[in-house]
Amino acid sequence: PTAWRQTPGPVRQVFLRAFTESALMAADPEAAATWALQRDALAYADLPEEERRYRRSSLASRACAALDAAHGAGACARRQLVTHGYPVLPTFSGPGRRTPEDVARVHDQVLVVLETCVLRVARANPEPFRGVQVRLTWTVDPAGRVVRPRVRPSRLSDPLQACVDGPLAWFRYPAGAVDAYHAVEVPYVLQ
């Protein structure tokens, strides 16, 4: 049953596509997402990172939508952290006006990445984080890119800022009007 793992990449992709389709028909979103994400990782392995970070096949999009519907927004991003080591972030950039619904749609997919980062740093050194509300703030520029990310309280920026800056550099929001800047604040209360 595992002989397909030793097959060449293109053939393995065919197996993974079939496994994904089968899992989708069987209403097994966990298996479907796992197979589809593995297929995408294999199919896009040779792309530069800046392309690979946003490349998701229509099959993986269907599997991720099923997983998110079954387990809540961000479930597929969590799975991608396991299968890829980083999430494949959807890009919502493009012409148009940025609405609050657009921002919420981006956050549904990407805030899990920041949550994972905050929790990892807080678990490594819990004392400064006990009972503290960590606030991550940034501005979305007219092109839909994140600028000026900040960690509050500032005494926590040393352990957190580097962890937060990496993922935020990859977030993409829909473009807005020429002068449309959008402030974002995400709080995390740690016990």
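In what follows, the structure referred to is the one given above.
About the thresholds
Residues numbered from 1 in each chain as written. Predicted model: local features only at pLDDT ≥ 70, side-chain atom pairs only at ≥ 80, totals over all residues. Heavy atoms only, no water. Helix = DSSP H or I, 4+ residues; strand = E, 2+ residues; numbered from the N terminus. Buried < 20%, exposed > 50% of the residue type's maximum accessible area, 1.4 Å probe, protein only. Contact = heavy atoms within 4.5 Å. Areas by Shrake-Rupley, 256 points an atom, 1.4 Å probe, with all protein chains shown as cover. 1 Å grid on protein atoms, 1.4 Å probe; cavity = no way out; pocket = protein on both sides within 12 Å on 5 of 7 lines; lining within 4 Å. Points joined across faces, edges and corners; volume = space filled by probe spheres on them. Nonpolar A, V, L, I, M, F, W, Y, C, P; charged D, E, K, R; others polar. Expected span 1.5 Å × (residues − 1). Disulfide = S-S within 2.5 Å. Pairing = 2+ DSSP bridges.

A.B. asks: What exactly am I supposed to notice about the overall build of the protein here?
C.D. replies: Helix and strand counts for the protein come out as seven helices and three strands. Taken from N to C terminus, the helices and strands of the protein fall in the order α-α-α-α-α-α-β-β-α-β. Its C-alpha atoms put the protein at 55 × 45 × 30 Å along the principal axes. Buried positions account for 44% of the 191 residues belonging to the protein. Of the contacts made within the protein by residues no fewer than 6 positions apart, 69% connect residues no fewer than 24 positions apart. Total accessible area on the protein is roughly 10,000 Å²; 54% of this is exposed by carbon and sulfur atoms.

A.B. asks: Where do I start with the layout of surface pockets in this structure?
C.D. replies: Over the atoms rolls a probe the size of a water molecule, and in doing so it shows where empty space is left. Estimates place the volume of the largest pocket at around 180 Å³. Forming the walls of the largest pocket are 14 residues, and the residues nearest its centre are L81, Y86, P87, V113 and P167. Among the elements of the structure, helix 6 (100-124) and helix 7 (157-170) are those that each provide at least two residues to the lining of the largest pocket. For the lining of the largest pocket, the class distribution of residues is nine nonpolar, three polar and two charged.

A.B. asks: Sorry, what's going on with the environment of A183 here?
C.D. replies: Tracing the backbone shows A183 in strand 3 (residues 182-189). By relative accessible area, A183 is classed as exposed at 65%. Counting along the chain gives 104 residues from A183 to R79, while the straight-line C-alpha distance between them is 28 Å.

A.B. asks: Explain helix 2 (residues 29-43) here, please?
C.D. replies: The end-to-end C-alpha separation of helix 2 is 20 Å, in line with the 21 Å expected for 15 residues at 1.5 Å each. Where helix 2 is buried, its residues meet helix 1 (9-25), helix 4 (58-71) and helix 5 (75-83).

A.B. asks: What am I meant to see in the state of the cysteines here?
C.D. replies: Simply put, disulfide is the name for a covalent bond between the sulfur atoms of two cysteines. Applying the stated criterion across every chain yields a total of two disulfides. Disulfide partner of C64: C76, at an S-S distance of 1.9 Å. Taken together, the residues C64 in helix 4 and C76 in helix 5 connect sequence positions 12 residues apart. Look at C64 and you get buried, because its relative accessible area is 2%. Here C117 is linked by a disulfide to C163, with a sulfur-sulfur distance of 1.7 Å.

A.B. asks: Sorry if this is basic, but what is going on with the pairing of strand 1 (residues 133-140) here?
C.D. replies: It is a general feature of regular strands that their side chains alternate between the two faces of the sheet. Burial of strand 1 is extensive: six of the eight residues sit out of reach of the surface. Direction of pairing for strand 1 relative to strand 3: antiparallel, over a ladder of eight bridges. In the strand pairing of strand 3, V140 is matched with H182. In this sheet, strand 2 (residues 146-152) lies alongside strand 1 in antiparallel orientation, the contact comprising five bridges. Across the sheet, the residue bridging to V140 is V146, located in strand 2. Where strand 1 folds back on strand 2, the antiparallel hairpin that results is connected by five residues, among which G144 adopts a positive phi of roughly 95°.

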